[in-house]
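Residue-level structure breakdown
If you want the building blocks of each chain, they are given just below.
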Amino acid sequence: MYNIQDNIVALSTVPGKSALNVVRCSGPGVVCLYEDLTQSDKSPSPNYAHLKTIYYKKEIIDEVMLTFFAGPKSFTGQDMLELSTHGGIVVVKKIISLIENFGFRQAMPGEYSYRAFIHGKIDLIQAESIASIVDSGNNLDVLYSLNNLKGGLSKAIKTILSKTENIITHIEHELDFDEGEIDFVALKEYEKQLNKIIDLANDINAKSYLAQENKSNFNICLAGRTNAGKSSLFNCLLGYDRSIVTKQEGTTRDTVEAELVINDINVTLVDTAGIRKATNLVEKEGVSRTCAAIKDADIVVFVDEKNPRTESKKHSSLLKNKNLLFVQSKADLGNTSQTKKTLQTSSTTKAGIDSLFTELSTKIDKHLSVFKKTNLFLVNGRQRASLTAFVLGLQYCVKISKKTKDLVLLVSILRKTYEDLSSLVQNKDRDQIINNIFKGFCVGK
């Protein structure tokens, strides 16, 4: 897919108005490029920023910061040069065009990460985590992607690969030597070891989640009867008017969603139609969507201007097992109760809003604590499928061992199962897989 001996260049920042642009170069010609750009006969010192003026045919192009990274101690494993230029598109276009004149071509999507993979700087899981970080829409997914980039998931996969490889090695030794020359391990022992590896692989799968499953998304739903002040509270929490607010009951007919950040966690706040007995088709659909929003919510803020706890009991079946927070709204009207563990708020005076945010923060922290205990890894579809196939392959190996007692057949199937899983982290003649991974990257990554 890529020729790693080519000299490549790419803009690694978003083009447009900005303070700085970053241009990346990689390849065997980087040192010569530095000397040509700076009109210097002295090679750059690695890992230092050099303030230089770039000229072309005696015309000043820009004053830039040049940072040289000598291979193999660089991201790609090759010599690399990063240029921090002034922002805007005009200057950076001139610089990239100038670099191309010195024999560099535009990098293709994912080419820098591909070179890092080829030179052993990262494995495939770490490469995919880079793309995941760029694509992540919330802080939790970024956190787990960074853990993958640091090698958390790779280490877990390599552990079960190592244990499987040990079994394959021992079986092949048994097949190569006479019984009197080595200590034989009974088939039952092999089966026992394989079952332990199956448990490890199942544990990784059980403690992993797909970004597409939206498990890391946190939903807070505002619920209650009509005209209880939900939409006003919704707008107040957001800090701007997102929902329509009127004195007429039933103004909100559909769920309204908006994003906000609480405790550095992306949260989806959902305003809902009032829970009531619907009299027409539109109202029935609105109430139905409200029920669905409550079902999907991690926290339900039940709002009522009189007594939210008493009102919520009318919908006990709908709210059963939900994480509830009770809010008495419209406190500025003087109709506040002394009910314990019920927050009094006013969307008009903003009274009680800080306390509500504090309660939400506490509940989010508890939710995150549970989430982090039950979810250790973020995986993509390819990784989940490979782990699942690996478990099925090992289970088949155990079945074959018990049925045939044939070590040759067992090790043959086991080796194939091992090689399939190793494609998660290694280059095992899986060119199509590798190409599909890197071509989805951004240019400059």
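The notes below deal with the structure included here. None of these values were measured; they are calculated from a predicted model.

The next subject is the overall build of the protein chain. Helix and strand content of the protein chain: 15 helices and 14 strands. Looking at the 445 residues of the protein chain, the share that counts as buried comes to 45%. As presented, the protein chain carries roughly 22800 Å² of accessible surface, and 51% of it is formed by carbon and sulfur atoms.

I157, I160, I171, L194, I204, L414 and L421 are the most contacted members of the largest nonpolar core, which has 35 residues in total. When residues of this core are traced back to their parent elements, those giving at least two are α6 (152–176), α7 (187–206), β14 (377–379), α13 (381–404) and α14 (407–422). Looking at this core element by element, the count peaks at eight residues for α6. In this view, L414 contacts T164, I167, I168, I171, L194, L394 and C397; residues no more than four positions away in its chain are not counted. Among the nonpolar cores identified, the runner-up in size contains 31 residues, and I220, L233, F234 and L269 belong to it.

Those residues of helix α1 (residues 30–38) that sit buried are V30, L33, Y34, L37 and T38. Down the axis of α1, the sector holding all buried residues measures 115°, keeping them to one side. Of the surrounding elements, those touching the buried residues of α1 are β2 (20–26), β3 (49–56), β4 (59–69), β5 (80–86) and α2 (90–101). Just downstream of α1, Q39 is the residue with a positive phi angle, here 55°.

Considering all chains together, one arrives at 14 salt bridges under this definition. R115 serves as the salt-bridge partner of E111, at 3.4 Å between the closest nitrogen and oxygen. Residue E111 and its partner R115 are both found in helix α3 (residues 111–118); the two are separated by four residues, about one turn of the helix. Across this residue pair, the class does not change: E111 and R115 are buried.

How each quantity is defined
Residues numbered from 1 in each chain as written. Predicted model: local features only at pLDDT ≥ 70, side-chain atom pairs only at ≥ 80, totals over all residues. Heavy atoms only, no water. Helix = DSSP H or I, 4+ residues; strand = E, 2+ residues; numbered from the N terminus. Buried < 20%, exposed > 50% of the residue type's maximum accessible area, 1.4 Å probe, protein only. Areas by Shrake-Rupley, 256 points an atom, 1.4 Å probe, with all protein chains shown as cover. Core = buried A, V, L, I, M, F, W, Y, C linked by side-chain atoms within 4.5 Å. Contact = heavy atoms within 4.5 Å. Arc of directions from axis to C-beta. Salt bridge = Lys/Arg side-chain N within 4 Å of Asp/Glu carboxyl O.

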